[in-house]
Amino acid sequence: MSDLFDTIVSLSKQRGFIFQSSEIYGGQAATYDYGPLGVELKRNVKALWWQEMVYGHGDIVGLDAAIMMHPKTWEASGHTEAFNDPLIDDKASNHRYRADELIEDHIRDLRQDGEMEQAEAVYERLVAALNSDDMAGDLYDIIQDEEIRAPRSGAFDWTPVRQFNLMFETHVGPVAETGDRIFLRPETAQGIFVNFHNVREPARQHVPFGIAQIGKAFRNEIVARQFVFRMREFEQMEMQYFVKPGEQLDFFAEWREKRMAWHKRLGVRPSKLRFHEHEQLSHYADAAEDIQYEYPIGWKEVEGIHSRTDYDLKRHQEYSGKNMTYYDPFDQEKYIPYVVETSVGLDRTVLMLLCDAYDEDEADGDERTVLRFHPEVAPIRAAIFPLSKKKGLPDIAHEIEDDLRPHFNVMYDERGSMGKRYRRMDEAGTPFCITVDFETLDDQQVTVRDRDSMEQDRIAIDQLTAYINDHSTGWSRDDV
Ligand code: GAP
C-alpha cells in the first residue's frame with residue numbers, strides 16, 4: 001500500500017475517524033468501527049445523499065428493508081449460483097489473490113513500462129476470459145502464459161483458480177442443524193425489488209419513479225486488505241429507478257451524469273474522478289459504468305451505475321409466483337419495468353473524502369496536517385475558543401456554542417495554546433474556528449479563522465450563523 005494510504009489509515013485511528021473492529025481481541029479482519037469524527041462524516045454523507053436522491057426528486061421515495069430476506073430471494077437474484085470471486089493461492093506464501101486483479105495489475109505494469117502492444121493483447125484476453133464459460137480456467141492460463149508472479153513472495157507457484165461464493169450464511173430457528181439456512185444480504189437492491197408493489201402503490205408513484213435505500217450489506221470478501229475499501233460488512237446507498245422498457249438507456253445516461261455531479265458537489269476534485277466502462281457486463285445488464293476515484297492505491301470504483309433490464313423483477317415473479325407487472329395508465333399497457341440502478345458504497349465514499357481532503361502545508365513556520373473537507377461534510381462545522389479563561393470569555397464562548405448548536409455540529413475548546421487548538425481542528429477538518437477575545441467584550445465581534453487560507457475575519461456574534469452558512473455553500477477548492 002502507498003505511504004499516503006498508510007498515513008490516512010493511521011490518522012483515521014489517531015483522530016477517531018475509523019479503527020479496526022474488536023481491536024482489544026486482536027481485531028476482526030475487514031470490519032471497521034467509526035469513531036466520533038468518522039460517524040459524523042458518515043452521517044453527513046448519508047444525509048446529503050438522501051437530500052439529493054429523495055428530497056431532491058418528487059419521483060423517488062425511501063425504503064428501509066430487512067437485512068435478512070427469504071432465502072429464495074437469492075436464488076431468484078442469481079446470487080446463490082453466481083456471486084463468486086475467482087481466487088488463486090500462492091503456494092509459497094499461502095497468500096490468496098483475486099485472479100482477475102492479478103492480471104489487471106500486470107496490465108498496468110506493462111503499460112507503465114511502455115509495453116503497449118502486449119498490454120492490449122493481455123487486456124483482450126482478460127475481457128474474453130471474464131466473459132467465458134470457463135472463466136477460472138482461462139484466467140489461470142493467462143497467469144501461466146504471462147508468468148505472473150505473486151506480489152508478496154515473488155514466487156511463480158500457483159494453485160488452480162477456484163470460484164468462492166461471497167454470501168454469509170446463518171440459520172434462523174433455535175438449532176442450527178434444523179433451522180432454515182438464510183443469508184445476510186450482499187446488496188440492498190433486492191429489498192427494493194421484492195417490495196416493488198408494496199412501495200409503489202401507497203406512494204402513488206407511476207413509472208418512471210425510483211426507490212432509494214441506505215443500509216448494511218455483507219460479503220465474505222476473501223481478499224480484504226484495503227482498509228474500508230473492501231470490507232466484509234459495509235454500507236450501500238442504492239436507488240433503483242423503474243422505467244418503461246426501451247427508455248432505459250436514456251435514463252442510464254441521465255443518472256450517470258447526475259451521480260458524477262453529486263460526487264463533485266461533495267467537494268471531490270474533478271481531476272480525481274472518472275467514468276470506467278465495465279469490461280464484463282453482467283448477464284442481466286445492457287449498460288454499466290463505474291465512477292472511479294483515484295485512491296492512493298489506484299483508480300478504483302466508488303459507485304456503479306447499471307441498467308439492469310427487467311431481470312430482477314422477472315426473476316422474482318418466476319420464483320415467488322407473484323405478478324410483478326405494472327399497468328401503465330398513460331399508455332394503457334402492461335409491462336415489467338426496466339431498472340436503472342445507482343449504487344454507491346458509503347464507506348468507499350468516506351474513504352474517498354478522507355483521501356481527497358488530506359493535505360500537508362505550513363502554518364506559523366510549522367508543518368501542519370489539514371483535512372480540506374467541504375464544510376457540509378466536515379464532522380465538526382465550527383470550533384469555538386475563548387482566547388483566555390479570564391474576564392468571562394469562556395461564558396461568551398459557551399453562549400455562542402449554544403446559539404450555533406441547533407444549526408451545526410460545533411465544539412468548544414479552551415485547552416492548550418491557540419496554535420495547538422488550531423492544529424487539532426485542522427486535523428479534524430473543521431472549516432471555521434471562532435475565537436472570543438478581549439475586544440469581544442467591547443465590540444460584540446469575534447475572529448473567524450478559515451481552515452484553508454488561515455485568513456481571519458472579524459464578524460459580529462449575531463451574524464455567525466449566516467456567515468457559516470454562506471461560506472459553507474459557497475466553498476470551493478483552489479487545487480481542482
Ligand atoms: N446492487 C449493485 C451492487 O451491489 P456492486 O458494484 O457490487 O453493485 C456497489 O456494489 C457498491 O458497493 C460499490 O461501488 C462499492 O462502493 C460498494 N462495495 C461493494 N463491495 C464492497 C466491499 N466489500 N466493501 C466496501 N464497499 C463495497
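As a reminder, the structure under discussion sits directly above these lines.
Now for a look at the structure at hand. Fair warning: this is a prediction, and the values are worked out from it, not measured in the lab.

### Side note on the nonpolar core
No. 1: In terms of nonpolar packing, the biggest core is built from 65 residues, with Ile18, Trp49, Tyr295, Leu354 and Phe373 touching the most fellow members.
No. 2: Take this core: its biggest share by element is eight residues, from helix α12 (residues 346-357).
No. 3: In terms of nonpolar packing, the next biggest core, distinct from the first, is built from 21 residues, Tyr97, Leu102, Val122 and Met135 among them.

### Quick notes on the packing of aromatic side chains
No. 1: By the definition in use, this model includes 17 aromatic pairs.
No. 2: An aromatic cluster is present here, built from Phe193, Phe196, Phe209 and Phe242 joined pairwise through their rings.
No. 3: Across from the ring centre of Phe275, 3.7 Å away, lies the NZ or CZ of Arg256, which sits over that ring.

### A few points about the site of the ligand
No. 1: The ligand sits among 21 residues. The nearest are Glu187, Glu221, Met231, Glu238 and Glu301.
No. 2: Between a nitrogen atom of the ligand and a main-chain N or O atom of Phe229, the distance comes to 3.3 Å.
No. 3: The separation between an oxygen atom of the ligand and a polar side-chain atom of Glu301 is 2.6 Å.
No. 4: About the coverage of the ligand: the protein hides 91% of its 550 Å² of free accessible area.
No. 5: At the level of secondary structure, the elements contributing two or more residues to the shell around the ligand comprise β10 (233-243), β13 (298-309) and β16 (338-345).
No. 6: Counting residues per element, the shell around the ligand draws most heavily on β13, which supplies six residues.
No. 7: When grouped by side-chain class, the residues that make up the shell around the ligand number six nonpolar, five polar and 10 charged.

### Observations concerning the environment of Leu4
No. 1: Its location among the elements puts Leu4 in helix α1 (residues 3-14).
No. 2: It is 8.2 Å that separates the C-alpha atoms of Leu4 and Cys355, two residues lying 351 residues apart in sequence.
No. 3: Residues within four places of Leu4 in sequence aside, it is in contact with Pro296 and Tyr358.

### Examining a negative patch on the surface
No. 1: Residues Glu360, Glu362, Asp364, Asp366 and Glu367 make up a contiguous surface patch of negative charge.
No. 2: For the negative patch, the elements supplying multiple residues, two or more each, are β17 (358-363) and β18 (366-371).
No. 3: For Asp366, a relative accessible area of 46% translates into the label partly exposed.

Calculation notes
- Starting afresh in each chain, residues are numbered from 1 along the sequence in its written order.
- The predicted nature of this model means local features are confined to residues of pLDDT at least 70 and side-chain atom pairs, given and counted, to a pLDDT of 80 or more, with totals for whole chains, interfaces and linings taken over all residues.
- To get the side-chain values, take all heavy atoms of the structure and skip hydrogens and water.
- Put simply, buried Ala, Val, Leu, Ile, Met, Phe, Trp, Tyr and Cys residues joined by side-chain atoms within 4.5 Å make one nonpolar core.
- Each residue is assigned to one of three classes by its accessible area relative to the maximum for its type, calculated with a 1.4 Å probe on protein chains only: buried under 20%, partly exposed between the two thresholds, exposed over 50%.
- Under the DSSP-based scheme used, a helix requires at least four consecutive residues in state H or I and a strand at least two consecutive residues in state E, with every element numbered from the N terminus.
- Classification of ring pairs uses Phe, Tyr and Trp, with its six-membered ring standing for Trp, and accepts pairs whose centres are within 6.5 Å; under 30 degrees between planes counts as stacked, over 60 as edge-to-face, and the remaining range as tilted.
- By definition here, charges over rings are those cases where NZ of Lys or CZ of Arg is within 6 Å of the ring centre and within 35 degrees of the ring normal.
- Nearness of a residue to a molecule or strand requires only that one of the residue's heavy atoms be within 4 Å of it.
- Counted as a polar contact is a pair of N or O atoms within 3.5 Å, where, for protein atoms, one must be capable of donating a hydrogen and the other of accepting one, and residues adjacent in sequence contribute only when both atoms are in side chains.
- Computed with the Shrake-Rupley method and a 1.4 Å probe, the accessible areas treat only the protein chains shown as cover for residues.
- Throughout this entry, Asp, Glu, Lys and Arg are counted as charged residues, while Ala, Val, Leu, Ile, Met, Phe, Trp, Tyr, Cys and Pro are counted as nonpolar. The remaining residues, Gly among them, count as polar.
- We call two residues in contact whenever any of their non-hydrogen atoms come within 4.5 Å of each other.
- Exposure above 30% relative accessible area and the absence of a salt bridge qualify a residue for a patch, where like charges join within 9 Å and nonpolar side chains (Val, Leu, Ile, Met, Phe, Trp, Tyr) within 5 Å.
- Here a salt bridge means any side-chain nitrogen of Lys or Arg lying within 4 Å of a carboxyl oxygen belonging to Asp or Glu.
- Only four residue types enter the charge count, namely Lys and Arg as positive and Asp and Glu as negative; His and the chain termini do not.
- Where a charge lies is defined by one atom per residue type: Lys uses NZ, Arg uses CZ, Asp uses CG and Glu uses CD.

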